[in-house]
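Examination of the molecular architecture
Each chain is listed here by its residues.
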Amino acid sequence: MLKPGSTIGILGGGQLGRMLAMAAAQLGLRVIGYAPAGDNVASDVCAHFFEKGWGDTEALAAFAARCDVVTWEFENVPLSAIAAIPANILRPGAIALETAQDRLNEKRFVEKLGGKPAPYASVETEEDFARALDTIGAPGILKTRRDGYDGKGQWRVRSAHEAQSIRFPGVPCVYEGFVDFTAEFSVILVRNEAGEVHFWDSSENVHEDGMLATSVLPHSDLIASQVDDARAIAKHTANALKYVGVFTCEFFATANGPVFNEMAPRVHNSGHWTIEASTTSQFENHIRAVAGLPLGATDTRFAKVEMRNIVGAEANTVYDILGEDGPNDEGPHVHHYGKSKAREGRKMGHVTRVSNSK
Ligand code: AMP
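The rules behind the values
- As a convention, each chain's residues are numbered from 1 in the sequence order in which they are written.
- The predicted origin of the model limits local features to residues at a pLDDT of at least 70 and limits the giving and counting of side-chain atom pairs to 80 or more, whereas totals for whole chains, interfaces and linings rest on all residues.
- To get the side-chain values, all heavy atoms of the structure are used, and hydrogens and water are removed first.
- Note on conventions: DSSP H or I runs of at least 4 residues are helices, E runs of at least 2 residues are strands, and numbering of each starts at the N terminus.
- It is over C-alpha atoms that the radius of gyration is taken, and the globule rule equals 2.2 Å times the number of residues to the power 0.38.
- When a residue's accessible area, from a 1.4 Å probe over protein chains only, is under 20% of the maximum for its type it is buried; when over 50% it is exposed; and in between it is partly exposed.
- Contacts are residue-level and defined by heavy atoms, with any inter-residue pair within 4.5 Å sufficient.
- Using a 1.4 Å probe, accessible areas were evaluated by the Shrake-Rupley method; residue-level cover was limited to the displayed protein chains.
- Two residue types count as positive, namely Lys and Arg, and two as negative, namely Asp and Glu; His and chain ends fall outside the count.
- Charge placement uses NZ in Lys and CZ in Arg. For Asp and Glu, CG and CD serve respectively.
- Throughout this description, the term salt bridge denotes a Lys or Arg side-chain nitrogen within 4 Å of a carboxyl oxygen of Asp or Glu.
- The term nonpolar core refers to a set of buried residues drawn from Ala, Val, Leu, Ile, Met, Phe, Trp, Tyr and Cys, joined through side-chain atoms within 4.5 Å.
- Just so you know, the domain bounds were taken from an automatic or database domain assignment.
- Here a residue is near a molecule or strand as soon as one of its heavy atoms is found within 4 Å of it.
- Each polar contact in these results corresponds to two N or O atoms within 3.5 Å; when the atoms are within protein, one needs to be able to donate a hydrogen and the other to accept it, and residues that are neighboring in sequence are counted only if both atoms are side-chain atoms.
- Here the term charged refers only to Asp, Glu, Lys and Arg, the term nonpolar to Ala, Val, Leu, Ile, Met, Phe, Trp, Tyr, Cys and Pro, and the term polar to all other amino acids, Gly among them.
- By convention, a stacked pair of Phe, Tyr or Trp rings (six-membered ring in the case of Trp) has centres within 6.5 Å and planes under 30 degrees apart, an edge-to-face pair has planes over 60 apart, and any other such pair is tilted.
- Every helix has an expected span of 1.5 Å times one less than the residues it contains.
- To get the bend at any residue, fit one axis to the seven residues that end at it and another to the seven that begin at it, then take the angle between the two axes.
- Each pair of strands is called paired provided DSSP finds at least two bridges between the two strands.
- Here an angle of 0 to 180 degrees is reported between the N-to-C directions of two axes, which are lines fitted to C-alpha atoms, with helices fitted over the stretch in contact.
- For this quantity, the arc is that covered by the directions from the helix axis to the C-beta atoms.

1. Examining the overall build of the protein
The helix and strand tally for the protein stands at 10 helices and 17 strands. Relative to its length of 358 residues, the protein is compact, with a C-alpha radius of gyration of 20 Å against a globular reference of 21 Å. For the protein, the proportion of its 358 residues judged to be buried stands at 54%. Partitioning the contacts of the protein with sequence separation of at least 6, the portion at a separation of at least 24 is 62%. Roughly 15,600 Å² of accessible area belongs to the protein as shown, and the carbon and sulfur atoms make up 49% of that amount. Looking at the protein, you have 35 positive and 45 negative side-chain charges, and the mean spots of the two groups are 4 Å apart.

Right, here's the structure in full:
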């Protein structure tokens, strides 16, 4: 168990690191960040920030030497950089990153544990792609195995005919059948070193253009009927990874039960509402887990919750939302991530609304 004043290192400098650092500060823990030069918004709230490359093993060693524990907020930290951090202070362990960084690996991993992903095939060449289309059919989605996020590195294939116009990206991919889903939800859990696991409620997630737009509670009856199965898979997976910290699995709710989409070995956008609406937020519990502190309760304190992402230029007028109010509702909770460029399609902040009114 870390003592007050201990230092947690976070690999990655985005909004997730920023919110983790704020939660750590509340507990009297210092955070040092590490990420390559860029719009590292976590650095605003870190005691120190290393703007150094992932290949700079000397800088990584200097960073690790100043930390009692190291974690990450970005799942594409290269494994070579992770290898420069002593394994005894890294939480969660490298295997979680190794598994989740590759869409093919993560599907195989979860499938072995009894999870059900969409039909999929490994695609390394144009010929593989043609074969995958033959066996799985269209519609489907071609996704790069690595480095995809928020719908990037993905090509929708509406028909076999349309597939002919898709230029194969030339990197290892996975082709998956399009899932006819009714809703999407995520299971977010926290697990500590002793194997104790707590779940937050599963919000109903709506994506636009492959990117999360809103997370809402309560969820639909269909999700309610599938959460237990999805939780069991997520827990098996976290146990198999000997995972420490917050772990997320995304699912499609279908007529045939929950279909596993992907895992994120980290706090997740669909859990941002936990800051205001849960007894303990995903950020605080991640910090508690990696610091070896007792975990906090994860119950939802409101009847209704809605988290909406602020994307692109909307961030420039986000303070206007502060003035909005509804009867019996708490005022909106506005989070601006402090990013300097409001590029189109870029997550800039989010707004959470909570309510106990009917
Ligand atoms: P991903 O980055 O794989 O989570 O994909 C982002 C979003 O695209 C998902 O949350 C879904 O809304 C949609 N999507 C991805 N894969 C599929 C699929 N196989 N079938 C249907 N929709 C999908």
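Read on for the rest.
2. Structural notes on the pattern of salt bridges
Taken as a whole and assessed by the stated rule, the structure comprises 14 salt bridges. A salt bridge links Asp-44 to Arg-18; the nearest nitrogen and oxygen atoms lie 2.8 Å apart. Of this pair, Asp-44 sits in the loop between β2 (30-35) and β3 (48-51) while Arg-18 sits in helix α1 (residues 15-26), and the two are 26 residues apart along the sequence. By relative accessible area, which is 54% here, Asp-44 ends up exposed. By relative accessible area, Arg-18 is classed as buried at 13%.

3. Things to note about the nonpolar core
Among the nonpolar cores identified, the biggest contains 42 residues, and Leu-11, Phe-63 and Ile-85 are the most heavily contacted of them. No other element matches helix α8 (residues 221-240), which puts 6 residues into this core. Residue-level mapping places this core at the junction of two domains, with at least three residues from each of domain 1 (7-90) and domain 3 (181-355). Contact partners of Phe-63, with chain neighbours within four places excluded, come to Gly-9, Ile-10, Leu-11, Ile-32, Gly-33, Tyr-34, Phe-50, Val-70 and Ile-85. Residues Leu-29, Ala-42, Val-190 and Met-307 belong to the second largest nonpolar core, which totals 38 residues.

4. Remarks on the site of the ligand
Surveying the vicinity of the ligand reveals 16 residues, the closest of which are Lys-143, Glu-176, Val-179, Glu-184 and Glu-262. Between an oxygen atom of the ligand and a side-chain N or O atom of Arg-103, the distance comes to 3.0 Å. Within the side chain of Glu-184, an N or O atom sits 2.6 Å from an oxygen atom of the ligand. Relative to its unbound accessible area of 470 Å², the ligand is 96% covered by the protein chains. Elements supplying a minimum of two residues to the shell around the ligand: β6 (140-144), β7 (154-157), β8 (173-177) and β14 (257-264). Residues of the shell around the ligand, tallied by class, amount to 5 nonpolar, 5 polar and 6 charged. Taken domain by domain, the shell around the ligand gets at least three of its residues from each of domain 2 (119-177) and domain 3 (181-355).

5. A word on the packing of aromatic side chains
Overall, the coordinates contain 10 aromatic pairs when judged by the stated rule. Ring geometry for Phe-251 and Phe-260: centres 6.1 Å apart, planes at 75 degrees, overall edge-to-face. Comparing Phe-251 with Phe-260 shows no difference in burial state: the two are buried. Cluster of aromatic residues (ring-pair linked, three or more members): Tyr-34, Phe-50, Trp-54 and Phe-63.

6. Concerning α8
Here α8 is 20 residues long and its end C-alpha atoms lie 30 Å apart, about the 28 Å a rise of 1.5 Å per residue gives. The largest bend in α8 comes to about 40 degrees, at Val-227. Considered for burial, the residues of α8 that qualify are Ile-223, Gln-226, Val-227, Ala-230, Ile-233, Ala-234, Thr-237 and Ala-238. Those residues of α8 that are buried are in contact with α5 (103-112), β9 (183-191), β11 (204-208), β13 (245-254) and β14. Of the residues one or two after α8, Lys-242 is the one with positive phi, at around 45 degrees.

7. Regarding the sheet that holds β2
Pairing in this open sheet of 4 strands is parallel, and the strands run β3-β2-β1-β4 from one edge to the other. The strands lining the two open edges of the sheet, one partner per strand, are β3 and β4 (69-72). The average undirected angle you get between the axes of adjacent strands in this sheet is 20 degrees. Pairing geometry for strand β1 (residues 7-11) and β4, over 4 bridges, is parallel. Considered in β4, the bridge of Gly-9 is made with Val-70. Against the sheet, α1 engages β1, β2 and β4, with an angle of about 170 degrees to β1.

8. Things to note about helix α2 (residues 57-65)
Those residues of α2 that sit buried are Ala-59, Leu-60, Phe-63 and Ala-64. Buried residues of α2, seen end-on, are gathered within an arc of 135 degrees and therefore sit on one face of the element. Turned more than 90 degrees from where α2 packs its buried face, Glu-58 and Ala-65 sit exposed. Structurally, α2 contributes buried residues whose contacts are with β1, β2, β3, β4 and α3 (79-82).

9. What about the domain arrangement of the protein?
For an interface, size is often stated in terms of accessible area lost upon the parts coming together. Under the domain assignment used here, the protein contains domain 1 (7-90), domain 2 (119-177) and domain 3 (181-355). Computed over C-alpha atoms only, the centres of domain 2 and domain 3 are separated by 28 Å. Between the two partners, domain 2 and domain 3, sit 0 salt bridges. Where domain 2 meets domain 3, there are 0 residue pairs in polar contact (both at pLDDT 80 or more). Residues that form the side of domain 2 that touches domain 3 fall into these classes: no nonpolar, 1 polar and 4 charged.

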